[in-house]
Structures are given as structure tokens and as C-alpha cells.
Amino acid sequence: YLKKDRPYLGICLGMQTLFESSEETNESGHTGDPLPGLGVIPGKVIKFDERKRSVPHIGWNGAIAHQKSPAMKYIGNGGSGKEEEVYFVHSYYAPITEENSKWVLTRTTYEGQEYI
């Protein structure tokens, strides 16, 4: 589906599975190596450092547009100059890298950590 350049909006697990791997554990308590993903998007989903910030992150954050997309039609300032916020509840994030930046529609920051 994605190889045919069709639109896809992945949120939470839908986004995580597209990356090369994730540190999030499965129900059986997987430890050790990260769980493999589909590898469509370069990069790894990693856990927020609990020594540096509260985990899980629960709250409102601004959605900063990285590139335009019809999928984000109702998220963002829509030309009003007012930044829209979206609600987050998560412990894992995907860092923005040079290799995955072409996939990023929006980004945000949680206590100094920028992520997709």
C-alpha cells in the first residue's frame, strides 16, 4: 500500500509499526533487543528518559507543521495565526532524523525533547 505512494496517517501504534524498531514491550514482557517494525520509515521508537522528564507524557502540546498534507487539514493554525494543540498520552517517541524527516507531517516538544 505505502510502496504505491498511497496516503497513510499512522497514529500511535499505527505510526510505531512503520519504523525499524520500537523499545515498547509486548504483553509477555519482552526485554533486550527492540521489537522489530516494518522498516518503512527509517529510525527507532524509543522510551522517554524517566530521569529527565515525567513518563508517561500526558497533556496538550502544539502541533508544529513540518510539511503540508491534506491529512492535517484540521490540525494547525489554518492561517489563523493561532497554534492548535493535540492531546498526548504516551511513553515512547520517534526522534526526527535526517533519514526520516521526509515522512514527518508535524512535530512537537515535551520538556525539551523534540519528536514526531
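Scroll up to find the structure this text is about.
Residues numbered from 1 in each chain as written. Predicted model: local features only at pLDDT ≥ 70, side-chain atom pairs only at ≥ 80, totals over all residues. Heavy atoms only, no water.

*Asks:* I keep staring at the environment of Pro34 and nothing clicks. Help me out?
*Replies:* Mapped onto the elements of the fold, Pro34 is located in the loop between strand 1 (19-22) and strand 2 (35-36). Residue Pro34 is classed as partly exposed on the basis of its relative accessible area, which comes to 39%. Along the primary structure Pro34 and Ser22 are separated by 12 residues, whereas in three dimensions their C-alpha atoms are 5.3 Å apart. (Helix = DSSP H or I, 4+ residues; strand = E, 2+ residues; numbered from the N terminus. Buried < 20%, exposed > 50% of the residue type's maximum accessible area, 1.4 Å probe, protein only.)

*Asks:* What is the right way to read the side chain of Ser21 from this model?
*Replies:* Looking at where Ser21 falls in the secondary structure, it is placed in strand 1. The class of Ser21 is buried, set by a relative accessible area of 9%. If sequence neighbours within four positions are ignored, Ser21 has contacts with Pro34, Leu35, Pro36, Gly37, Gly43, Lys44 and Val45. (Contact = heavy atoms within 4.5 Å.)

*Asks:* I tried to follow the nonpolar core on my own but got confused; where do I start?
*Replies:* Nonpolar side chains in soluble globular proteins generally cluster together in the buried interior. Core analysis: the biggest nonpolar cluster contains 9 residues, these being Met15, Leu18, Phe19, Ile41, Val45, Tyr92, Ala94, Val104 and Ile116. Filtering out sequence-adjacent residues up to four positions away, Val45 remains in contact with Gln16, Phe19, Ser21, Ser22, Glu23, Tyr92, Tyr93 and Ala94. Core analysis: the next-biggest nonpolar cluster, separate from the first, contains 5 residues, Phe48, Tyr93, Tyr110 and Tyr115 among them. (Core = buried A, V, L, I, M, F, W, Y, C linked by side-chain atoms within 4.5 Å.)

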